[in-house]
Amino acid sequence: SDKRLRRLGAFNGNAQSGSLDLDLDLVVHSLESAIERDEFEVVYQPKVNCKTGDITGLEALLRWNSVNFDVGPAHFIPIAEEFGLINEIGRWVLKACCKQLKDWRAGGQILHPIAINVSTLQLEDPNFATMVGATLSEFGIDPALIEFELTEGAFGLQLEACMTQMQSVANLGCQWAIDDFGVGYSSLSRLHKLPISKLKIDKSFLDQLPHDVGAQNISNAIISMARSLSLSVVAEGVEDYGQLTGLDLSDLDDLQGYYCYRPMSASGMTEILSAPLKGKLRAS
Ligand code: C2E
Ligand code: MG
Ligand code: MG
Ligand code: MG
């Protein structure tokens, strides 16, 4: 179909080639076996308090170490969604994060909440919240250490079903954040009904800072709206200090972006988490 071709075009970085469907089959087939081949990896990107620079949480970002493809989640996640693989992959990501928290706990590391991206398709599964609860119990993870991120405006026709799952997950004690906020169209009344505690300002606004006054006004409007709604607010995709000038930092909570930290492997993250302890030992 057209949709398939466009998607694979984006996937390959071009849209010509006569063997698109064949390639897509190979991609889907490879994705299907990626878990058993142990090709997935979760990398972690810290969020930091914008006043102190302290790490406040981590975002889990999926990587696919495929022998056949070099492709990021922005491309393979939509394919996983389209071909019915996202629930299994999502369960794998949650388990990987729980295992990691368990390892960090065993290693005496400071534990920060991990934010996991979920697709609304995962929320359409009536067992989602039950699965989350069972997985947290299996690994002995405090639900306060798991947060979920949902892209703004991603709800389809199953809005009520999704909201039910979100509420059940919130009742477990996990938090919800709205990702990529400001570029989708979620009505403010709906936003108010969702059990969310955080907004993440979309990177596209930050990209235009500090020069674009419109982007600056929108970013600050989101910050002040979040404040009025008692939601915390994160600026995503911050790459340099200049972008922050003109932002209302007094009401902004966290920063996330290459300016602070790039996404890193679990072992790289472990080193960073160990650093405060190392500093302390050196000082004594
Ligand atoms: P997202 O949730 O909005 O994640 C932020 C993306 O911005 C990540 O891209 C991150 O690597 C990138 N990023 C962070 N800081 C900067 C920066 O300063 N500059 C630039 N240029 N980029 C920055 P990534 O890892 O390629 O992920 C892309 C999207 O794929 C994510 O966007 C998320 O929507 C989705 N995704 C990733 N992992 C998962 C997953 O496990 N499950 C689901 N359902 N979606 C996922
Ligand atoms: Mg995210
Ligand atoms: Mg996202
Ligand atoms: Mg985002």
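Residues numbered from 1 in each chain as written. Chains lettered and ligands numbered in written order. Predicted model: local features only at pLDDT ≥ 70, side-chain atom pairs only at ≥ 80, totals over all residues. Heavy atoms only, no water.

*Asks:* I'm lost on helix H10 (residues 213-228) in this one. Help?
*Replies:* The periodicity of an α-helix, 3.6 residues per turn, causes residues three or four places apart in sequence to face the same way. Under the 1.5 Å per step criterion, the end-to-end length of H10 is 22 Å for 16 residues, consistent within 8% with the ideal 22 Å. For H10, every residue scored as buried is listed here: Ala 215, Ser 219, Asn 220, Ile 222, Ile 223, Met 225 and Ala 226. Where the residues of H10 are buried, they touch strand E5 (175-181), helix H8 (188-193), strand E6 (198-201), helix H9 (203-207) and strand E7 (232-236). Capping the start of H10 is the job of one residue whose side-chain oxygen sits 2.9 Å from the backbone nitrogen of Gly 214: Asp 212. Positive phi appears at Ser 230, one or two residues downstream of H10, with a value of about 60 degrees. (Helix = DSSP H or I, 4+ residues; strand = E, 2+ residues; numbered from the N terminus. Expected span 1.5 Å × (residues − 1). Buried < 20%, exposed > 50% of the residue type's maximum accessible area, 1.4 Å probe, protein only. Contact = heavy atoms within 4.5 Å. Polar contact = N/O pair within 3.5 Å; in protein donor to acceptor, adjacent residues only side chain to side chain.)

*Asks:* Can you walk me through the confidence of the model for the protein in this structure?
*Replies:* Parts of the model with low pLDDT should not have their predicted coordinates read in detail. In the predicted model, the protein carries a mean pLDDT of 90, and the fraction of residues at 70 or more is 89%. Contacts for the low-pLDDT stretch residues 1-6, under 50 throughout, to residues beyond four places or in other chains number eight contacts. Low pLDDT, under 50, characterises residues 13-20; the predicted model gives this stretch seven contacts beyond four residues in sequence or across chains. Note on the complex model: pTM 0.92, ipTM 0.99. (pLDDT = per-residue confidence, 0-100.)

*Asks:* Can you walk me through the packing of helix H6 (residues 128-139) against helix H7 (residues 159-172) in this structure?
*Replies:* The angle between the axes and the distance between the axes are what describe a pair of packed helices. Where H6 meets H7, the closest approach of the two axes is 8 Å, and the angle between their N-to-C directions is 20 degrees. Between H6 and H7, the interaxial angle falls into the category roughly parallel. Both H6 and H7 take part in a crossing whose hand is right-handed. When H6 is examined against H7, the residues Phe 128, Ala 129, Val 132 and Gly 133 are found in contact with a partner set consisting of Gln 165, Ser 168, Val 169 and Leu 172. For the contact of H6 with H7, the per-class residue count stands at five nonpolar, three polar and no charged. (Axes fitted to C-alpha atoms, helices over the stretch in contact; angles between N-to-C directions. Parallel < 35°, antiparallel > 145°, perpendicular 65-115°, else oblique. Left-handed = near helix turned anticlockwise from the far one by under 90°. Nonpolar A, V, L, I, M, F, W, Y, C, P; charged D, E, K, R; others polar.)

*Asks:* Any chance you could explain the coordination of the magnesium ion (ligand 3) here in plain terms?
*Replies:* The coordination sphere of the magnesium ion (ligand 3) contains the protein donors Asn 117 (OD1) and Asp 179 (OD), at a distance range of 2.4 to 2.8 Å. The magnesium ion (ligand 2) is placed at 3.4 Å from the magnesium ion (ligand 3), the two being bridged by Asn 117. Of the two residues, Asn 117 sits in strand E3 (residues 114-118) while Asp 179 sits in strand E5, which places them 62 residues apart along the sequence. Given a relative accessible area of 32%, Asn 117 falls into the partly exposed group. (Donors = N, O, S within 2.8 Å, 3.2 Å for Na, K, Ca; no water.)

*Asks:* Could you clarify how one ought to interpret the site of ligand 1 in this entry?
*Replies:* Neighbouring ligand 1 are 24 residues; Arg 63, Asn 117, Asp 179, Glu 239 and Tyr 258 lie closest to it. Glu 59 has a polar side-chain atom sitting 3.0 Å from an oxygen atom of ligand 1. One of the side-chain nitrogen or oxygen atoms of Arg 63 is found 2.8 Å away from an oxygen atom of ligand 1. About the coverage of ligand 1: the protein hides 82% of its 800 Å² of free accessible area. At four residues, strand E2 (residues 55-64) tops the list of elements feeding residues into the shell around ligand 1. Here the shell around ligand 1 is built from residues that sort into 10 nonpolar, six polar and eight charged. (Near = heavy atom within 4 Å. Areas by Shrake-Rupley, 256 points an atom, 1.4 Å probe, with all protein chains shown as cover.)

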